[in-house]
Amino acid sequence: MQNIKRGRVAGRQSELIGGTDLLKIESLSKLSGSSIYVKCEHQNPGGSIKDRAALQLVEDAMASGELKPGMTIVEGTAGNTGIGLAIVAKSLGCDLLVVMPNDQTPEKTRMIEMHGAKLHAVPPVPFKDPNHFYHTARRIAEENANYWWANQFENTSNLKAHYLHTGPEIWQQTEGNIDILVSVSGTGGTIGGNSKFLKEKNPNIEVWLADPDGSGSYEFLRTGAYESSGSSMTEGIGIMRLVENFRQAHIDYAINLPDHDLIAISRFVREQDGIVLGSSSALNVAAAFFAALHRAPGKTIVTFACDLGERSASKLYNSKYLQERGLNSEPEPITDLMTRYRKSAERILQVTRSYQND
Ligand SMILES: Cc1ncc(COP(=O)(O)O)c(C=O)c1O
């Protein structure tokens, strides 16, 4: 009975958020010569990294008195924050209304409804449209006195969750031996809070942003303007405006990778390591692999398995869906991907603009 991990005993599900494991991706580590780890955020009770933000947003609002038991939490979300809030809301005596674009995977809407939260689906429209899920959530909260808007994009309790917990966990789990942190960004809470904490510990840690097609963050870091091309099957990541959580991130390098690469990486890791990555996690791992191939071997690279792979069943793991998007569901051999990555140094953007005051 040696080496048995001591599990936690909790009185509330929200107490089980955080404290996730770090898992080495042996296959890609061996190929690249660096140790590539994912922080297993799918282990959170709601199955994603967004449980952490949900808990901090709600705890801070309760501490300040803005939110009280019996009130309704309202949030606009691609889904995972909604699931996180559903878990936290119930355990703290609040109701939840989730405003969500109607093109997100049914895996997530189902979970929100199973938790007994109300779901308000809206068409996916550009941010400037008043019917965008963000504006709709804000409007509903403004029109109802007993409602509280979580506002995960601008409310920095979001990045605080990672500054106070995720970053310190990574530091402790790697015993301070981390060279590179790689992260996708939706609100920027994850990359914001973790980069802030880890850079305070060691300013030499490189922070890489992984951006999907259709997101303007890469171009913003390059030029200061939000522009994008293409679109991505990934959900919950990528954005076309500067929000407060992202503004506070310390980013050294950025790369943009296409959906095509997520198919190759996710199938390889599934075959070799038995890990089923969700689409944003596959982007993280592809970017971590890319970073490893452009640095000397022997580095320790940490990224995130942001949510359960199962949440990408109807898109990343659905060949019919991939074909409809014009993607080849036959994965590119990993050796070809490696050769291509090695030859693509020009894809790496070294971030020299300071954007904190934009
Ligand atoms: C699956 C998934 N990955 C990554 C993220 C991005 O996290 P953050 O909002 O902290 O940037 C989200 C956000 O909703 C998500 O749902």
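Rules used throughout
- Residues numbered from 1 in each chain as written.
- Predicted model: local features only at pLDDT ≥ 70, side-chain atom pairs only at ≥ 80, totals over all residues.
- Helix = DSSP H or I, 4+ residues; strand = E, 2+ residues; numbered from the N terminus.
- Rg over C-alpha atoms; globule rule 2.2 N^0.38 Å.
- Contact = placed C-beta atoms within 7 Å.
- Core = buried A, V, L, I, M, F, W, Y, C linked by C-beta atoms within 7 Å.
- Buried ≥ 20, exposed ≤ 12 C-beta atoms within 10 Å, placed from the backbone.
- Domains from an automatic or database assignment.
- Pairing = 2+ DSSP bridges.
- Axes fitted to C-alpha atoms, helices over the stretch in contact; angles between N-to-C directions.

Peer 1: Sorry if this is basic, but what is going on with the overall build of the chain here?
Peer 2: The helix and strand tally for the chain stands at 13 helices and eleven strands. Its C-alpha radius of gyration of 19 Å places the chain within 12% of the 21 Å reference for a compact globule of 358 residues. On the principal axes, the C-alpha backbone points of the chain span a range of 55 × 50 × 45 Å. Expressed as a percentage of contacts within the chain between residues at least 6 apart in sequence, the contacts between residues at least 24 apart total 71%.

Peer 1: Can you walk me through the nonpolar core in this structure?
Peer 2: In globular proteins that are soluble, nonpolar side chains generally tend to be buried together. Judged by nonpolar contacts, the single largest core of 101 residues is most densely connected at Ile73, Trp208, Val285, Ala286, Ala287 and Phe289. At eleven residues, helix α11 (residues 279-293) tops the list of elements feeding residues into this core. Each of domain 1 (13-45 + 165-346) and domain 2 (50-149) accounts for three or more of the residues forming this core. If we ignore the near neighbours within four places in the chain, the residues touching Phe289 are Leu28, Ser32, Ile36, Ile265 and Tyr341.

Peer 1: How do you make sense of unusual backbone geometry when you look at a structure like this?
Peer 2: Most peptide bonds take the trans form, and the phi angle of most residues other than glycine is negative. In this structure, Asn151 takes a positive phi of about 50° despite not being glycine. Topologically, Asn151 is positioned in the loop between β6 (147-149) and α6 (157-173). One non-glycine residue, Glu175, adopts positive backbone phi at about 50°. Mapped onto the secondary structure, Glu175 falls in the loop between α6 and β7 (180-183).

Peer 1: Before we go on, may I ask you to explain the sheet that holds strand β4 (residues 95-101) in this structure?
Peer 2: Strands pair in a sheet through their backbones, by hydrogen bonds, and they do so in one of two ways: parallel or antiparallel. Strand order across the open sheet formed by four strands is β5-β4-β3-β6, with parallel pairing between neighbours. Each having just a single partner strand, β5 (118-122) and β6 make up the two edges of the open sheet. Ignoring strand direction, the axes of neighbouring strands in this sheet form an average angle of 20°. Two elements, β4 and β5, share five bridges in a ladder whose sense is parallel. Note on β5: the bridge partner recorded for Met100 is Ala121. The strands touched by helix α3 (residues 80-91) are β3 (72-76) and β4; relative to β4, the strand with the most contacts, the crossing angle is about 175°.

Just distances and angles here, no functional claims.
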